[in-house]
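The chain contents come next:
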Amino acid sequence: METLAIACDHGGYDLKEAIKERFADRLSFVDVGTNSRDSVDYPEFGQKLAQSIINGEAERGIVICGTGIGISIAANRYKEIRAANCTDVTMARLTRQHNNANVLALGARLIGLEVAFDIVETFLNTEYEGGRHDRRVEKLS
Ligand code: RB5
């Protein structure tokens with residue numbers, strides 16, 4: 001069973017819990033918070049998620065805030081992280097195939113629950129294509 005790191009701010013809390021429940025039969029989660037709807041600062045949780053991957057607690061992760069933007073910016077400040085904010089399954093497929101994204105960012109206030117589940121499914125099940133993309137991905141770090 002794959003272990004996935006997961007983090008959110010207050011805007012992403014409900015979606016984080018829904019994803020954990022939906023994928024509980026296939027994934028285990030390292031949940032680095034936040035753990036309520038109380039207002040918090042998304043940079044702290046983007047940093048916690050990045051650290052959990054850098055520390056080897058999980059190879060991949062999901063970050064969620066209201067838009068997916070702030071928390072993905074925070075996670076992407078670490079060279080080990082390639083976080084992609086996806087609003088549809090095509091973005092999720094292409095960022096796995098071309099960017100070897102290791103973190104999926106979601107905007108809980110922008111997408112519906114079923115769309116979010118489909119994006120997670122696609123992110124999990126799409127392989128990196130390598131080849132011509134290796135040189136470009138290496139230049140990201
Ligand atoms: C919090 O209100 C909101 O700013 C945050 O969830 C996120 O959308 C920031 O990018």
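Conventions used here
Residues numbered from 1 in each chain as written. Predicted model: local features only at pLDDT ≥ 70, side-chain atom pairs only at ≥ 80, totals over all residues. Heavy atoms only, no water. Salt bridge = Lys/Arg side-chain N within 4 Å of Asp/Glu carboxyl O. Helix = DSSP H or I, 4+ residues; strand = E, 2+ residues; numbered from the N terminus. Buried < 20%, exposed > 50% of the residue type's maximum accessible area, 1.4 Å probe, protein only. Near = heavy atom within 4 Å. Polar contact = N/O pair within 3.5 Å; in protein donor to acceptor, adjacent residues only side chain to side chain. Areas by Shrake-Rupley, 256 points an atom, 1.4 Å probe, with all protein chains shown as cover. Pairing = 2+ DSSP bridges. Axes fitted to C-alpha atoms, helices over the stretch in contact; angles between N-to-C directions.

**Some details on the pattern of salt bridges**
Enumeration according to the criterion identifies 9 salt bridges in this entry. With a closest N to O distance of 2.7 Å, Arg26 and Glu121 form a salt bridge. With a gap of 95 residues between them, Arg26 in the loop between helix H1 (13–22) and strand E2 (27–31) and Glu121 in helix H5 (residues 113–125) connect regions that are remote in the sequence. Notably, a salt bridge pairs Glu80 with Lys79, separated by 3.2 Å at the nearest N-O pair. With relative accessibility at 32%, the residue Glu80 sits in the partly exposed group. The exposed category is assigned to Lys79, whose relative accessible area is 56%. A single network of salt bridges, built from pairs that share partners, joins Lys16, Glu17, Lys20 and Asp31.

**Considering the site of the ligand**
The environment of the ligand is made up of Asp9, His10, Tyr42, Cys65, Gly66, Thr67, Gly70 and Arg109. Between the ligand and Asp9 there is a distance of 2.6 Å, counted from an oxygen atom to a side-chain nitrogen or oxygen. Between Arg109 and the ligand, the recorded distance is 3.4 Å, taken from a side-chain N or O atom to an oxygen atom. When the free accessible area of the ligand is taken as 290 Å², the share hidden by the protein chains comes to 72%.

**Here's the deal with the sheet that holds strand E3 (residues 60–65)**
With parallel pairing, 5 strands are arranged side by side in an open sheet as E2-E1-E3-E5-E4. The sheet is open, and its two borders are formed by E2 and strand E4 (83–85), each paired with just one other strand. Here the strands of the sheet are splayed against their neighbours by 25° on average, with no regard to which way each runs. As defined by bridge partners, strand E1 (residues 2–8) adjoins E3 across 5 bridges and the pair is classed as parallel.

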